[in-house]
Structure formats: C-alpha cells, structure tokens
Amino acid sequence: MELLSLRNASKSFQDHDKKIHAVSNISLDIFSGEMVAIIGPSGSGKTTLLNLMGVVSVPDLGEVFVNGQTTSNLSDTKRCQIRNHFFGYIVQDFALIEEDTAMQNILVPTLYSKQKRTSTEYRFVVEDLANKLQVKDKLKTKVKNLSGGERQRIAIIRSLVCNQQIILADEPTGSLDEENANIVIEFLRELVNKENKTVVIVTHDLNIAKRCDRIFKLTHGTLSAF
Ligand SMILES: Nc1ncnc2c1ncn2[C@@H]1O[C@H](COP(=O)(O)OP(=O)(O)O)[C@@H](O)[C@H]1O
Ligand SMILES: [Mg+2]
C-alpha cells in the first residue's frame, strides 16, 4: 500500500494583490521503501510540496493521505501527532538553535516523541548516526560555531533520531561540497536499502536525483515524470 498519497492537491498564497499558485493539482503515490527525488528550479514549488506531504500545511484543494488516512480534515493536534509519528523532516534552512550544542539540537524531537527510550539510548543512537556522517566530534559544539556542512548533517541526524518511517529532505546537500554531498546521499540510500525507510528528497542537482528510484520534476507548481 502507498504510504503517502496526494490527490489533486493545490496550494496558493496571496502575495499583496497577486495570487501565487505554488503547487497545482498534484497527484502522487509514494510507497514504503522507496527513494523519490523531486527536482525543479528555485520558486517551482518544491518546499510548498514537501510541506503538504509532511502535513505541515493543508492543501486549498485536494487531499493528502498518510498511511491511508486523510489529513486535511483533522485538528491541529491530530495533524501534529501524525507529523511526529511518521515524518523526519530535514528543513531547508535547518532551523537549529544557535546557542545550543549540536547534541541538544538533535534531541529536541525526542521531547515530543511517544517512544519511550531513555536519554542514554537516544545518545547511543545519535552517536552512531554522527559517526556515520562524520560529525561525532562536533556533538558538544554550539551550533553557532559549526560550518554550513556540519549544520546540515546535524539537521539530518535530528530528523532521524525518532526513527520515523518517512524522511522528507529539502535540498539536504545544498550547502555541501561534492564529496560531502555524496556521503549524505549514500547515507540516505542506505537507510532505504537496509532499513526500508522511505525518502523524498527535493533537489536541483540532477546527480543527486539520479541516486533515487524515481524522479519527478516540478515546473511552475506542476508535477510530471522526469
Ligand atoms: N508563505 C508564502 N507566502 C507567499 N508566497 C509564498 C509563500 N511560500 C512560497 N511562496 C511562493 O510560492 C512559490 C513556490 O515557493 P517554494 O515552494 O518555496 O519554491 P522552491 O522551494 O521550489 O524554491 C514561490 O513563488 C514563492 O515565492
Ligand atoms: Mg525551497
């Protein structure tokens, strides 16, 4: 069964006297254990689409189904629960707290998780992920003292710490050089191959997209097969 489905989903924004159709009439099914890329230039609606997929925003028209369940008619509390349960979200601007350490930032989602792991168990998970992403020695460093690439990897670890099924990644290699971009993409690939995770990755880099199982392109808010 599809894990995530959009049916004729549209989202527009009012910008002063102009209506911006950020995404229009998108239908898409994403299955468990696949890695899907969405490519498109800046302003084509990638982040808007990812926000709809991740139940962060509600479509004006159409519906988003998560694990077969409708989402747009639900209360904010219920939507928040679905979000926390199903999605790890690597947001485009990372949204890290500058004055806190990398570890403190990574552990924020665990405060809202229903999983009953001890803090020692979480730290063990984090250290393993940090080791794989080569930032283990940065966990005690304040975010304000980290480079762009290190911040990006900390944000990735934060999206994985609660072990959700679906990872939504908004340009996760955007501020990385080629070598580090490859480390990140291979890491996400491995999550899909070995742990049956589902990854949706938004990128404007075709080399990154080619590591995915399926590629879609967004053009002025309209989705098509690549
Ligand atoms: N909150 C908002 N208010 C007004 N316009 C928005 C808002 N969010 C996005 N947009 C507009 O919608 C379009 C798509 O934006 P976005 O989804 O961020 O594109 P991308 O991620 O592909 O760069 C752009 O024209 C953008 O300016
Ligand atoms: Mg964007």
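Before any of the text, the structure's been laid out above.
What counts as what
- Residues numbered from 1 in each chain as written.
- Chains lettered and ligands numbered in written order.
- Predicted model: local features only at pLDDT ≥ 70, side-chain atom pairs only at ≥ 80, totals over all residues.
- Heavy atoms only, no water.
- Near = heavy atom within 4 Å.
- Polar contact = N/O pair within 3.5 Å; in protein donor to acceptor, adjacent residues only side chain to side chain.
- Areas by Shrake-Rupley, 256 points an atom, 1.4 Å probe, with all protein chains shown as cover.
- Helix = DSSP H or I, 4+ residues; strand = E, 2+ residues; numbered from the N terminus.
- Core = buried A, V, L, I, M, F, W, Y, C linked by side-chain atoms within 4.5 Å.
- Buried < 20%, exposed > 50% of the residue type's maximum accessible area, 1.4 Å probe, protein only.
- Contact = heavy atoms within 4.5 Å.
- Salt bridge = Lys/Arg side-chain N within 4 Å of Asp/Glu carboxyl O.
- Pairing = 2+ DSSP bridges.

A.B. asks: I'd like a description of the site of ligand 1, backed by residues and values.
C.D. replies: The environment of ligand 1 is made up of Phe13, Ile20, Ala22, Pro41, Ser42, Gly43, Ser44, Gly45, Lys46, Thr47 and Thr48. One of the backbone nitrogen or oxygen atoms of Ser44 is found 3.2 Å away from an oxygen atom of ligand 1. One of the side-chain N or O atoms of Thr48 is found 2.6 Å from an oxygen atom in ligand 1. When ligand 1 sits alone it has 560 Å² of accessible area, and the protein chains cover 62% of it. Looking at the shell around ligand 1, the elements with two or more residues in it are strand 2 (18–31) and helix 1 (46–53).

A.B. asks: I'd like to hear about the nonpolar core, residue by residue, with values.
C.D. replies: Among the nonpolar cores identified, the biggest contains 43 residues, and Val126, Leu133, Ile154, Ile157, Phe187 and Ile201 are the most heavily contacted of them. Looking at this core, the elements with two or more residues in it are strand 3 (35–39), helix 3 (102–106), helix 4 (119–132), helix 5 (148–160), strand 7 (166–170), helix 6 (178–195), strand 8 (198–203) and helix 7 (206–209). Examining the composition of this core, we find that eight residues originate from one element, helix 6, more than from any other. Excluding its chain neighbours within four sequence positions, the residues that come into contact with Leu133 are Arg153, Ile156, Ile157, Ile183, Val184 and Phe187. Listed in part, the 28 residues of the second largest apolar core include Leu6, Met53, Val202 and Phe216.

A.B. asks: Mind laying out the pattern of salt bridges, listing which residues take part and the relevant values?
C.D. replies: One pass over the full model with this rule turns up twelve salt bridges. Glu150 is paired through a salt bridge with Lys138; the nearest N and O atoms lie 3.9 Å apart. With Glu150 in helix 5 and Lys138 in the loop between helix 4 and helix 5, this residue pair connects regions lying twelve residues apart in the sequence. A residue is classified by how much of its surface remains accessible, and Glu150, at 16% relative accessible area, is buried. A relative accessible area of 26% means that Lys138 is categorised as partly exposed. Between Lys194 and Glu190 there is a salt bridge, with its nearest N and O atoms 3.6 Å apart.

A.B. asks: I'd like to hear about the sheet that holds strand 5 (residues 69–70), residue by residue, with values.
C.D. replies: Strand order in the open sheet formed by four strands is 2-1-4-5, and the pairing between neighbours is antiparallel. Each having just a single partner strand, strand 2 and strand 5 make up the two edges of the open sheet. Note: strand 1 (residues 2–15) against strand 2, ten bridges, orientation antiparallel. Paired with Gln14 across the two strands is Lys19, which belongs to strand 2.

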